[in-house]
Structure formats: C-alpha cells, structure tokens
Amino acid sequence: MSLLPCLEPGRLEAGCDEAGRGCLAGPVSCAAVILPPGFSHPLLRDSKKLSEKQRETLRPIIEREAMAWCVVMVDAGEIDRINILQASITGMQRAVSGLEIRPEHILVDGNKFTPHPDGIPHTCIVHGDALYTSIAAASILAKTHRDELMTRLAAEYPGYGWEVNKAYPTRAHREAMARLGLTPLHRRSFKGSGKATSK
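Nothing here was measured: the structure is a model prediction, and the numbers come from that model. (Residues numbered from 1 in each chain as written. Predicted model: local features only at pLDDT ≥ 70, side-chain atom pairs only at ≥ 80, totals over all residues. Heavy atoms only, no water.)

Comments concerning the overall build of the protein chain
Each helix and strand in the protein chain was counted, giving six helices and five strands. Taking the principal axes of its C-alpha atoms as reference, the protein chain extends roughly 55 × 35 × 25 Å. By residue count, 51% of the 199 residues in the protein chain fall in the buried class. Look at the contacts in the protein chain between residues 6 or more apart in sequence, and 63% of them connect residues 24 or more apart. As displayed, the protein chain has an accessible area near 9500 Å², and 54% of this comes from carbon and sulfur atoms. (Helix = DSSP H or I, 4+ residues; strand = E, 2+ residues; numbered from the N terminus. Buried < 20%, exposed > 50% of the residue type's maximum accessible area, 1.4 Å probe, protein only. Contact = heavy atoms within 4.5 Å. Areas by Shrake-Rupley, 256 points an atom, 1.4 Å probe, with all protein chains shown as cover.)

In structure tokens:
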C-alpha cells in the first residue's frame, strides 16, 4: 500500500515517531520531520519493515530533502522518573519544538499525545508510520540515530551486545545483565532490569 502524503493537503504537517521504547537500556529516540509537498521515495515505509541497509540509505535522503527535521534523545534517568510513555511524548514534543520551521499540525504515530506547549494541534494515528510519509520518515530517523548511538555506546560498555541487540530485551542481553550487572544506562524502572546489581 502506498503511503499517504498528508492528512490535509496544503497544511504544513510534521510527522512524529519514536524508537527504543521497549529497550532495557539507553534512551528513547524521538523524531519530527516536515517533508516538502510531493516528496516520495520507493523505499520509504515504516522503519520496522525495512532492513538496516535500507534505513541507512534513506536517512541522508530524508535529512537532505526534508524542509525541517529534529531528533531528540530522552535518557534512561528521565525515563525512570516520568515513565516510558511520558518520556516518548516529551521527546516528540521537544523534537517538534526543535524544528527550524513551525508546523501547522502534528501527526503522531500511536494513540496518545498531549497538547504541544506552543498550541500546535495534533492528530494521533495508530500505525501512522505505515500510513503517512512524514511519520514513516520520522520513524527512520528515530531508529537510525538511536542505532548509531547504541553501537557507539557498545564500545564503552562491552559485553551486553548492544552493537547487535541495541539494548532490546534479547536473551543474550538479559544474560549479560545478570552476569555483569547494570550499567548507568539501564532503565531501572523496567521489569527485568532491577534484578541485577548496578555496575
């Protein structure tokens, strides 16, 4: 199915999405993207349906062609303080605020959001990353920026396999947590994280 270019033609819309919400360590990555009218690419779709190579191919194209884009990381400490849902919403709000162009409307992947501090109206769209180009583009930027960060952090905290699992709750990651303890980047509030000791 082809992605839809916008929710309302002629309106400046920013698509928002996040990546890393279900991880046991590291930040949740949140992105906002405003695409130019008529933007399309044959590979563009929900980041989860793309290979790593395809995502990496699209990232510079989106960053170059977008009218504006912004990626924000919300760290594990803030996630633990306000919970992952609020951290995701907060991060997307910050990403919108970080855009060089103020959008007229925000398209949010999912079913929960809060009014933007600047009063920009929004629409929540379940599976929006599979429906709208701007949300799909945001999903790709959020995912690639976070994957790049976790690969870099894997060198600082070896043994957890972040270069492969990106801190998702794989068996290997959980076994490493039990064996090595928690890093400062692990989310203490997540189920399964608190059984290990701090490293």
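Considering the environment of threonine 144
As for its position among the elements, threonine 144 is in helix 4 (residues 133–156). Its relative accessible area of 1% is what places threonine 144 among the buried residues. Residues threonine 144 and glycine 159, spaced 15 residues apart in sequence, show a C-alpha to C-alpha distance of 22 Å. Setting aside anything within four residues of it in sequence, one finds threonine 144 in contact with Arg55, Glu56 and Arg59. Separated by 2.8 Å, the side chain of threonine 144 and the backbone oxygen of isoleucine 140 make a polar contact. (Polar contact = N/O pair within 3.5 Å; in protein donor to acceptor, adjacent residues only side chain to side chain.)

Notes on the sheet that holds strand 1 (residues 13–19)
Within the open sheet, the five strands sit side by side as 3-2-1-4-5. Their pairing is mixed. The open sheet is flanked by strand 3 (68–74) and strand 5 (122–125), the only strands paired with a single partner. Geometrically, the sheet is characterised by an average inter-axis angle of 20° between neighbouring strands, direction not taken into account. This element, helix 3 (residues 84–97), spans strand 1, strand 2 (28–34), strand 3 and strand 4 (105–109) of the sheet and lies at about 35° to strand 2. (Pairing = 2+ DSSP bridges. Axes fitted to C-alpha atoms, helices over the stretch in contact; angles between N-to-C directions.)

Remarks on the nonpolar core
Core analysis: the largest hydrophobic core is formed by 37 residues, its most contacted members being Val28, Ile79, Leu99, Ile106 and Trp162. When contributions to this core are tallied by element, the ones reaching two or more residues are strand 1, strand 2, strand 3, helix 3, strand 4, helix 4 and helix 6 (171–180). In terms of residue count, the dominant contributor to this core is helix 3 (six residues). Apart from the residues lying within four places of it in its own chain, the contact partners of tryptophan 162 are Ala25, Met150, Leu153, Ala154, Tyr157, Ala167, His173, Thr183, Leu185 and His186. Formed by 18 residues, the second largest nonpolar core is a distinct cluster that contains Ala31, Leu35, Leu44 and Ala142. (Core = buried A, V, L, I, M, F, W, Y, C linked by side-chain atoms within 4.5 Å.)

A look at the confidence of the model for the protein chain
When pLDDT is averaged across the protein chain, the result is 94; 95% of the residues are at 70 or more. Throughout residues 195–199 the model reports pLDDT below 50, and contacts reaching past four residues in sequence, or to other chains, amount to 13 contacts. (pLDDT = per-residue confidence, 0-100.)

What about the packing of helix 1 (residues 52–65) against helix 4?
Running from N to C, helix 1 and helix 4 point in directions that differ by 115°, and their axes come no closer than 9 Å. Classed by the angle they form, the pair helix 1 and helix 4 counts as roughly perpendicular. In this structure, helix 1 crosses over helix 4, and the sense of that crossing is left-handed. Of helix 4, the residues touching helix 1 (which contributes Arg55, Glu56, Leu58, Arg59, Ile62 and Glu63) are Ala137, Ile140, Leu141, Lys143, Thr144, His145, Asp147 and Glu148. Across the contact of helix 1 with helix 4, the residue classes break down as five nonpolar, two polar and seven charged. (Parallel < 35°, antiparallel > 145°, perpendicular 65-115°, else oblique. Left-handed = near helix turned anticlockwise from the far one by under 90°. Nonpolar A, V, L, I, M, F, W, Y, C, P; charged D, E, K, R; others polar.)

Observations regarding the pattern of salt bridges
This structure, assessed with the given rule, holds 10 salt bridges. Glutamate 78 is the partner of arginine 94 in a salt bridge, and the nearest nitrogen-oxygen pair spans 2.7 Å. With arginine 94 in helix 3 and glutamate 78 in helix 2 (residues 76–82), the pair connects residues that are 16 residues apart, well separated along the chain. For arginine 94, a relative accessible area of 37% corresponds to the partly exposed category. In the salt-bridge network here, residues are joined through shared partners; they are Glu8, Arg11 and Glu13. (Salt bridge = Lys/Arg side-chain N within 4 Å of Asp/Glu carboxyl O.)

Remarks on the side chain of lysine 143
Turning to its location among the elements, lysine 143 is positioned in helix 4. The class of lysine 143 is buried, set by a relative accessible area of 15%. Not counting chain neighbours up to four residues away, the residues in contact with lysine 143 comprise Ala19, Ser47, Arg55 and Tyr168.

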